[in-house]
Amino acid sequence: MRLRLVLFDLDGTLVDCAGAGRRSLEAAFRSVLGIDGIEAPSRKVRFEGKTDPWIIRDIAREAGVPPERIEETEGRIRKAYLAALREEMARPDPRRRVMPGVRELLDVLRGRPDVRLGLLTGNLEEGARLKLAPFGLNPHFPTGGFSSDAPDRREIARIARERVSRLAHASVPAERVAVVGDTELDVDCARANGFRAIAVPSGWVPRERLEEARPDALLDSLGDLEAALRALEIDGAA
Ligand SMILES: [Mg+2]
């Protein structure tokens, strides 16, 4: 059987955690670096599609923290971030949601013997797991690529394919790997590895920017199951 891999971005594609990541990173900057008023510089930083190490550097720059100070403290910042995120996600928040169509699509894909799923996210692995846990989505994704593996999304994509293939005991050619994501950076990391790129706007990145990135398919949402499966080149019959 010829396998297909489908690699999903997390924030804005699978789920919307209503700013839990941003608040947790701000808490980490406050507790580790003693910066009050971190919200203003943090607000100037775009998070969508970026990896956590990249976001940490961007916030530090906006807050006037020297790069060497970040190098010294990054381990502590990550730890404080994950602790804050654990607390955030343990508190119920009605604004959090699974993106439209995601559960149905994942159920269909998981029922297919010729499809394997993986995560491809700029989150640290532990952060990704914390964000998916309240929605019960972790069991869909036994493995993936994370920013705890590499700070660069293109490299994370390469690692995700390698891990998911290894787990499946298969070698899957690049053209049978698809990336589903909500930003032009998801499209870019797919392209860089020769994977298919499926863009699904979350509303956090303007649709025109996704169009300019020229994905193989640009969907309105994952809510149209037939359209999503077509974009993934998966036919209706299992
Ligand atoms: Mg995203």
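Residues numbered from 1 in each chain as written. Predicted model: local features only at pLDDT ≥ 70, side-chain atom pairs only at ≥ 80, totals over all residues. Heavy atoms only, no water.

## Let's talk about the domain arrangement of the protein
- Here the domain parsing of the protein yields domain 1 (4-17 + 97-231) and domain 2 (20-90).
- The C-alpha-based centres of domain 1 and domain 2 are spaced at 24 Å.
- Across the boundary between the two partners, domain 1 contributes 21 residues, which contact 17 residues of domain 2.
- Of all residues in domain 1, L124, L130 and L185 bury the most surface against domain 2, accounting for 33% of the area lost on that side.
- The interface formed by domain 1 and domain 2 contains 2 salt bridges.
- The residue R86 makes a salt bridge to E126 at a minimum N-O spacing of 2.4 Å.
- At the surface where domain 1 touches domain 2, the tally comes to 7 residue pairs in polar contact (both at pLDDT 80 or more).
- Listing elements by their share of the side of domain 1 that touches domain 2, those giving two or more residues are α6 (125-132), α7 (153-167) and α8 (184-193).
- For the side of domain 1 that touches domain 2, the element with the most residues is α6, which contributes 4 residues.
- Here the residues of the side of domain 1 that touches domain 2 sort into 9 nonpolar, 6 polar and 6 charged. (Domains from an automatic or database assignment. Contact = heavy atoms within 4.5 Å. Buried area = accessible area lost by both parts, 1.4 Å probe. Salt bridge = Lys/Arg side-chain N within 4 Å of Asp/Glu carboxyl O. Polar contact = N/O pair within 3.5 Å; in protein donor to acceptor, adjacent residues only side chain to side chain. Helix = DSSP H or I, 4+ residues; strand = E, 2+ residues; numbered from the N terminus. Nonpolar A, V, L, I, M, F, W, Y, C, P; charged D, E, K, R; others polar.)

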